[in-house]
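Inside the fold
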Amino acid sequence: MKKKLVALTGAGISAESGLATFRGSDGLWEGHRIEDVATPEGWAKNPGLVLEFYNQRRAAARAAQPNAGHRALVELEQDFDVVVITQNVDNLHERAGSSRVIHLHGKLFESRSSYFDQLVYPMEADRIELGENCEKGHQLRPNIVWFGEDVPLMQRAMEETAIADVFLVVGTSLQVYPAASLVNYTQQGCPIYIIDPSQPPVAARPNLHFVVEPATTGVPRVAAELRAQA
């Protein structure tokens, strides 16, 4: 039986494919205040702005390509039972070929009813327009988990993490909760590899390995080491 490997990925791995990280050094996301484009309050205040913001993100994500970090996680499936838990809303993991991906913060290429959360629709186009409604007549919104909203897949992510034999953290500062807390749900003795150019703050523990590299070089290197040991 293959050992279970769980990888928590964040904005850093997508940034290497050319996608803007969630929050820039100026505290803005693509020139917008986070409160204006990534909260229920921002949606209530100006849904047109929010829709256009995610329309632009969708077009950018469609133009981006998976990178060596994404592909190395796919290659690990040859020797491990791999689950990717991502904070990213793009579909680069799926396009690279990952077979099991949990999107904690939603999916950019899905829309959902602004009233009935269970009404979710796959998107073929890049745009959601004002006046575009669900089957029950309510405005469609991006199927994104905004600040102040519940993270419905967090429980599943915790359960997967708790049974991991190996845990990778790739391209995330471990500053956004509850996702950042997942590292604390690993079982005792589970090797943890933190792959990021800047070393995120993690309490010291046995079997903790820091790989101070970007995902495009760090993930392939760690993957090769793990596959050699499998």
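Residues numbered from 1 in each chain as written. Predicted model: local features only at pLDDT ≥ 70, side-chain atom pairs only at ≥ 80, totals over all residues. Heavy atoms only, no water.

As recorded in an unreviewed UniProt entry, the chain goes by NAD-dependent protein deacylase and comes from Hymenobacter sublimis. Under Function (unreviewed entry), UniProt gives the following word-for-word description of the chain: "NAD-dependent lysine deacetylase and desuccinylase that specifically removes acetyl and succinyl groups on target proteins. Modulates the activities of several proteins which are inactive in their acylated form." In the Subcellular location (unreviewed entry) part of its UniProt record, the chain is described as follows: "Cytoplasm". (UniProt positions renumbered as here; feature names shortened; annotations may be inferred.)

1. Some words on the overall build of the chain
Tallying secondary structure elements over the chain gives eight helices and 11 strands in all. Relative to the compact-globule value of 17 Å for 230 residues, the chain shows a C-alpha radius of gyration of 18 Å, a close match. C-alpha extents for the chain along the principal axes are approximately 55 × 40 × 30 Å. Working note: accessible area of the chain is about 10,900 Å², and carbon and sulfur atoms make up 50% of it. The chain carries 21 positive and 28 negative side-chain charges, and their two centres are separated by 2 Å. (Helix = DSSP H or I, 4+ residues; strand = E, 2+ residues; numbered from the N terminus. Rg over C-alpha atoms; globule rule 2.2 N^0.38 Å. Areas by Shrake-Rupley, 256 points an atom, 1.4 Å probe, with all protein chains shown as cover. Lys, Arg positive; Asp, Glu negative; His and termini not counted. Charge placed at Lys NZ, Arg CZ, Asp CG, Glu CD.)

2. A closer look at the pattern of salt bridges
Considering all chains together, one arrives at 15 salt bridges under this definition. The salt bridge partner of Glu-213 is Arg-221, with a shortest N-O separation of 2.8 Å. Within the structure, one salt-bridge network assembled from shared partners comprises Lys-4, Asp-81, Arg-100 and Glu-160. (Salt bridge = Lys/Arg side-chain N within 4 Å of Asp/Glu carboxyl O.)

3. Quick notes on the packing of aromatic side chains
Within the structure shown, the criterion is met by four aromatic pairs. Judged by centre distance (6.4 Å) and plane angle (40°), the rings of Tyr-54 and Trp-146 are tilted. Within this pair, whereas Tyr-54 is found in helix α4 (residues 47–63), its partner Trp-146 is found in the loop between β8 (140–144) and α7 (154–162), the two being separated by 92 residues in sequence. The class for Tyr-54 is buried, based on a relative accessible area of 2%. (Phe/Tyr/Trp six-rings, centres within 6.5 Å; stacked < 30°, edge-to-face > 60°. Buried < 20%, exposed > 50% of the residue type's maximum accessible area, 1.4 Å probe, protein only.)

4. Let's talk about the packing of helix α5 (residues 68–75) against helix α8 (residues 215–229)
Axis separation between α5 and α8 bottoms out at 7 Å; the angle between their running directions is 15°. Considered as vectors, α5 and α8 are oriented roughly parallel to each other. Where α5 crosses over α8, the two elements pack in a sense that is left-handed. The residues of α8 that touch α5, namely those facing Ala-68, Gly-69, Ala-72, Leu-73 and Glu-75, are Ala-215, Thr-216, Val-219, Pro-220, Ala-223 and Arg-227. (Axes fitted to C-alpha atoms, helices over the stretch in contact; angles between N-to-C directions. Parallel < 35°, antiparallel > 145°, perpendicular 65-115°, else oblique. Left-handed = near helix turned anticlockwise from the far one by under 90°. Contact = heavy atoms within 4.5 Å.)

5. A short note on α5
Among all positions in α5, only Gly-69, His-70, Ala-72, Leu-73 and Val-74 are buried. Packing partners of the buried residues in α5 comprise β1 (3–9), α1 (11–15), β4 (80–86), α6 (92–96), β9 (166–170) and α8. You can read the cap of α5 off the contacts: a side-chain oxygen lies 2.8 Å from the backbone nitrogen of Gly-69, and it is on Asn-67. (Polar contact = N/O pair within 3.5 Å; in protein donor to acceptor, adjacent residues only side chain to side chain.)

6. Quick look at the sheet that holds β8
Strand pairing within a sheet occurs via backbone hydrogen bonds; the two strands may be parallel or antiparallel. Strand order in the open sheet formed by three strands is β7-β6-β8, and the pairing between neighbours is antiparallel. The sheet terminates laterally at β7 (120–122) and β8, the two strands that pair on one side only. Ignoring strand direction, the axes of neighbouring strands in this sheet form an average angle of 45°. Examined bridge by bridge, strand β6 (residues 106–113) and β8 share five bridges and lie antiparallel to one another. Bridging from a neighbouring strand, Ser-113 pairs with Leu-140 of β8. Sheet strands touched by α4: β6 and β8. Its angle to β6, the strand with the most contacts, is close to 140°. (Pairing = 2+ DSSP bridges.)

7. Here's the deal with the UniProt feature "binding site: substrate" (unreviewed entry) in the chain
Feature annotation in UniProt assigns "binding site: substrate" (unreviewed entry) to the following positions: Tyr-54 and Arg-57. Sequence-distant contacts of Tyr-54, defined by excluding residues within four places in its chain, comprise Trp-29, Val-37, Ala-38, Leu-108, Pro-142, Ile-144 and Trp-146. Position of Arg-57 relative to the elements: it lies in helix α4. Apart from residues no more than four positions distant in its own chain, Arg-57 is found in contact with Trp-29, Glu-30 and Leu-108.

8. Some remarks on the sheet that holds strand β10 (residues 192–195)
The strand order across the open sheet formed by six strands is β5-β4-β1-β9-β10-β11, and the pairing between neighbours is parallel. With partners counted over all chains shown, the strands left at the sheet margins are β5 (101–103) and β11 (208–211), one partner each. The average angle at which neighbouring strand axes cross in this sheet is 15°, direction not considered. Bridge count for β10 against β11 is four bridges, and the pairing is parallel. Paired with Ile-195 across the bridge in β11 is Val-211.

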